[in-house]
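# Geometric and topological summary
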Amino acid sequence: MKKHTTVAGMLSLLLMLLTSIPAFSQIPDTVYRKPELPTGPPTPVQENKPKTKEKPVVVQIPQEAVQQEELEFLDRLYFGGSFGLQFGNYTNISLLPILGYKITPKFSVGPGIVYHFIRSGGQTFQNFGGKVFAQHEVLGGIVNDGSLLVHAEYEVLSHENYWRTTNGSFELSRRIVYTPLAGVGYRQSAGRASFDLLLLYNFNDTDSPYSNPVIRAGFNIPFRK
């Protein structure tokens, strides 16, 4: 009896194995397939190269534009000056060359040199120094292209004179004198040049070599135009 049971069990086990083989054959191959190794040359690895800095954009100014700017600067420059004459018991001859620059066609500024020859009380004195000035044409077309001017300047002079000392006596020496002047004038054009006639007021009439009013005549000549 046991022999028949053993044979029947083996047959049942064999039948179970045979029926399970088709089920295993339906499982996708990818479950049991070994991973494939890559073939061929390795894929190049991209290196992180540092970013190159962008070159700054250089704007080149044409040489003609630079030359034109220089010409405009020179066209604004002019030279000239004025002289002052005062006679009588007090004689003052003044020479005042200037170098002017036109900020606008009607407004100009610049430096100048001041020299005075003075005779007073039978003695002669000489003063020298410098100044700065500003001048503006406020009204044009008066007579033959003439213009009305407003003029102001500030002078610094080494003034030679008999100065009163602390004990009440007078001593010949030099002092630095600061003299502001302002007034009006008339400018007459004459071709490239122009002529000025100035009537100024001296705001330092205590130790300045000028007496009021100060009258000056001068000229201006542009460098180019």
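Presented here is an overview of the structure given in this document. (Residues numbered from 1 in each chain as written. Predicted model: local features only at pLDDT ≥ 70, side-chain atom pairs only at ≥ 80, totals over all residues. Heavy atoms only, no water.)

### Here we look at the pairing of strand β6 (residues 170-190)
Bridging between strand β5 (residues 147-164) and β6 involves 18 bridges; their strand directions are antiparallel. In the strand pairing of β6, Glu160 is matched with Arg174. Counting the residues that bridge the hairpin from β5 to β6 gives five residues, and of these Gly168 lies at a positive phi of roughly 95 degrees. For β6 and strand β7 (residues 193-202), the ladder comprises 10 bridges, and the chain directions are antiparallel. Each residue of the ladder has a partner; that of Ala190, found in β7, is Ala193. Hairpin geometry of β6 and β7 is characterised by an intervening segment of two residues between the two adjacent antiparallel strands and by a positive phi of about 70 degrees at Gly191. (Pairing = 2+ DSSP bridges. Helix = DSSP H or I, 4+ residues; strand = E, 2+ residues; numbered from the N terminus.)

### Structural notes on the sheet that holds strand β2 (residues 90-102)
On the basis of which strands lie adjacent, the closed barrel formed by eight strands has the order β1-β2-β3-β4-β5-β6-β7-β8 and antiparallel pairing. Averaged over all pairs of adjacent strands, the angle between strand axes in this sheet comes to 25 degrees, irrespective of strand direction. (Axes fitted to C-alpha atoms, helices over the stretch in contact; angles between N-to-C directions.)

### Section: the environment of Glu171
Locating Glu171 in the fold gives a position in strand β6. The class for Glu171 is partly exposed, based on a relative accessible area of 47%. Spatially, the C-alpha atoms of Glu171 and Asn161 are 8.0 Å apart, while their sequence positions differ by 10 residues. Those residues within four positions of Glu171 in sequence are excluded, and the remaining contacts are Asn161, Tyr162, Trp163 and Thr165. (Buried < 20%, exposed > 50% of the residue type's maximum accessible area, 1.4 Å probe, protein only. Contact = heavy atoms within 4.5 Å.)

### Remarks on the layout of surface pockets
Roughly 400 Å³ of volume is contained in the largest pocket. If you go around the largest pocket, you meet 21 residues; those closest to its centre are Lys102, Pro105, Glu137, Arg192 and Pro222. Secondary-structure elements contributing two or more residues to the lining of the largest pocket are α2 (63-76), β1 (77-86), β6, β7 and β8 (214-222). When the residues that make up the lining of the largest pocket are grouped by side-chain class, the tally is six nonpolar, seven polar and eight charged. (1 Å grid on protein atoms, 1.4 Å probe; cavity = no way out; pocket = protein on both sides within 12 Å on 5 of 7 lines; lining within 4 Å. Points joined across faces, edges and corners; volume = space filled by probe spheres on them. Nonpolar A, V, L, I, M, F, W, Y, C, P; charged D, E, K, R; others polar.)

### Section: empty space enclosed by the protein
Within the structure shown, the criterion is met by two cavities of 30 Å³ or more. In this model, the largest cavity occupies a volume close to 130 Å³. Lining the largest cavity are 16 residues; nearest its centre among them are Ile98, Gln135, His151, Asp196 and Leu198. When residues of the lining of the largest cavity are traced back to their parent elements, those giving at least two are β1, β4 (123-140), β5, β7 and β8. The biggest single contributor to the lining of the largest cavity is β8, with four residues. The class makeup of the residues in the lining of the largest cavity is five nonpolar, six polar and five charged. In this model, the second largest cavity occupies a volume close to 40 Å³. Lys102, Thr104, Pro105, Lys106, Phe107, Ser108, Gln135, Glu137 and Arg187 are the residues that line the second largest cavity.

By themselves these figures say nothing about function.
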